[in-house]
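Examination of the molecular architecture
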Amino acid sequence: TGRGGYKGQKEGTPGTVTEFNNEISRLGKAGQWQEALTTLETMQNAGFAPTQVSYNALMSALTKNGQWKQSIDLFNRVFRGGVDGGGKELKPDSFSYAAALSACAKGRKWQKAFSLFDEMEKAGVEANEFTYSSLMTACEKSDQSAKAIEVFEQMQERGIKPNVYTYTSAISACENGGKWEQALGYLERMTLEGILPTIHAYSAAISACEKGEQARPALGLLERMKNAKIEPDVIVYSAAIGACGKTGLWEPALKLFQEMEDKGLTPDLVTYSTMIKVYERSGEWQRALEVMNTMQAKKITPNVITYSTAISA
């Protein structure tokens, strides 16, 4: 079981527990969750007992690739069943719980997430920014924005400093809860604390402004992104265009649409539908029909909402 390998080891196969763990993690990031499962089996067949790290890596691999139910099942089987494949008792650590909480987030199981979090604290496993971030995401994805913000504030009350992920989760919760001013406040706080906002944080903040029908702050954030050398994507542009449309500013919206195309970004169904909505709110029905014609020319099929908005225009 040392660096010299094991009997029957094939060329290119991991030869230590650490190498197996790294391989499971690599496969998960590459989207190969089935191969990650096979690698754990190979590890056990080679006489290596999987560790907490092994199972944590496999749970993350499963969750990242949409297999959140399998991830939770694995947590229950290994950490609640009491023993691993080698017969040794295993206890979950903070990373195990963070992986299980992430699985709950994927499955929109916020109540299950809170239950796991309570279990973690009762077991004496200390919560950290990663477990809090996963719990917040579970709330946010389950349309429990107020609870996500409560968790964020509770984390800070306990002396745990937010990181880029927890701040981004908090801003996303504000987006879903229609609290655009609070979203901008969190964005400002993270900047003052020396945490650089990512495209995801900016995107959530701009979307919060769109939902709050606040075009000027949305446009200001877009410029701030560019100054920070963060290139907006289709989602960001669509949200900024939507914010303009909700306040009747069709000309700035059109300028953003053209800027987006000039940068080589391809508008999608959401972007085109948003532009039609912009024109519908501004009384520019002919422009709305032009967008419909462009969509059909580019073989983008309008949906019911797109047709309804065009008819309304």
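Predicted model, so just to flag it, every value in this text is computed and none were measured.

**Quick notes on a nonpolar patch on the surface**
On the surface, Phe95, Phe130 and Tyr165 cluster together into a nonpolar patch covering about 350 Å² of accessible area. Residue position: Phe95 is located in helix H5 (residues 94-106).

**A word on the pattern of salt bridges**
This model, assessed by the stated rule, comprises 13 salt bridges. Across the pair Arg80 and Glu119 runs a salt bridge, and its minimum N-O distance is 2.3 Å. Note that Arg80 is positioned in helix H4 (residues 68-80) and Glu119 in helix H6 (residues 110-122), a separation of 39 residues in sequence. For Lys298, the salt bridge is made with Glu261, and the minimal N-O distance between the two is 3.5 Å. Within this pair, whereas Lys298 is found in the loop between helix H16 (285-297) and helix H17 (304-312), its partner Glu261 is found in helix H14 (residues 250-262), the two being separated by 37 residues in sequence. Under the relative-accessibility criterion, Lys298 is labelled partly exposed at 46%.

**Considerations on the nonpolar core**
Ranked by size, the top nonpolar core spans 94 residues in total, and within it Ile171, Tyr186, Leu187, Met190, Ile206 and Leu256 carry the most contacts. At eight residues, helix H13 (residues 234-246) tops the list of elements feeding residues into this core. Other than its neighbours up to four places away in sequence, Met190 contacts Val164, Tyr167, Ile171, Ile195, Leu196, Pro197 and Ala201.

**So, the side chain of Asn163**
Position of Asn163 among the secondary structure elements: in the loop between helix H8 (145-157) and helix H9 (164-177). Exposure remark for Asn163: the relative accessible area of 15% places this residue in the buried category. Non-local contacts of Asn163, meaning those with residues more than four positions away in its chain, are made with Glu129, Phe130 and Ile195.

**A short note on the packing of helix H11 (residues 199-211) against helix H12 (residues 215-227)**
Two elements in contact, H11 and H12, have axes whose closest approach is 8 Å; the angle formed by their N-to-C orientations is 165 degrees. Taken as axis vectors, H11 and H12 run roughly antiparallel relative to one another. Pair H11 / H12 crosses with left-handed handedness. Together, Ile199, Tyr202, Ala205, Ile206 and Cys209 of H11 and Pro217, Ala218, Leu221, Leu222, Arg224 and Met225 of H12 make up the contact between the two elements. Taken together, the residues that form the contact of H11 with H12 break down as 10 nonpolar, no polar and one charged.

Analysis parameters
Residues numbered from 1 in each chain as written. Predicted model: local features only at pLDDT ≥ 70, side-chain atom pairs only at ≥ 80, totals over all residues. Heavy atoms only, no water. Patch = residues over 30% accessible without salt bridge, like charges linked within 9 Å, V, L, I, M, F, W, Y side chains within 5 Å. Areas by Shrake-Rupley, 256 points an atom, 1.4 Å probe, with all protein chains shown as cover. Salt bridge = Lys/Arg side-chain N within 4 Å of Asp/Glu carboxyl O. Helix = DSSP H or I, 4+ residues; strand = E, 2+ residues; numbered from the N terminus. Buried < 20%, exposed > 50% of the residue type's maximum accessible area, 1.4 Å probe, protein only. Core = buried A, V, L, I, M, F, W, Y, C linked by side-chain atoms within 4.5 Å. Contact = heavy atoms within 4.5 Å. Axes fitted to C-alpha atoms, helices over the stretch in contact; angles between N-to-C directions. Parallel < 35°, antiparallel > 145°, perpendicular 65-115°, else oblique. Left-handed = near helix turned anticlockwise from the far one by under 90°. Nonpolar A, V, L, I, M, F, W, Y, C, P; charged D, E, K, R; others polar.

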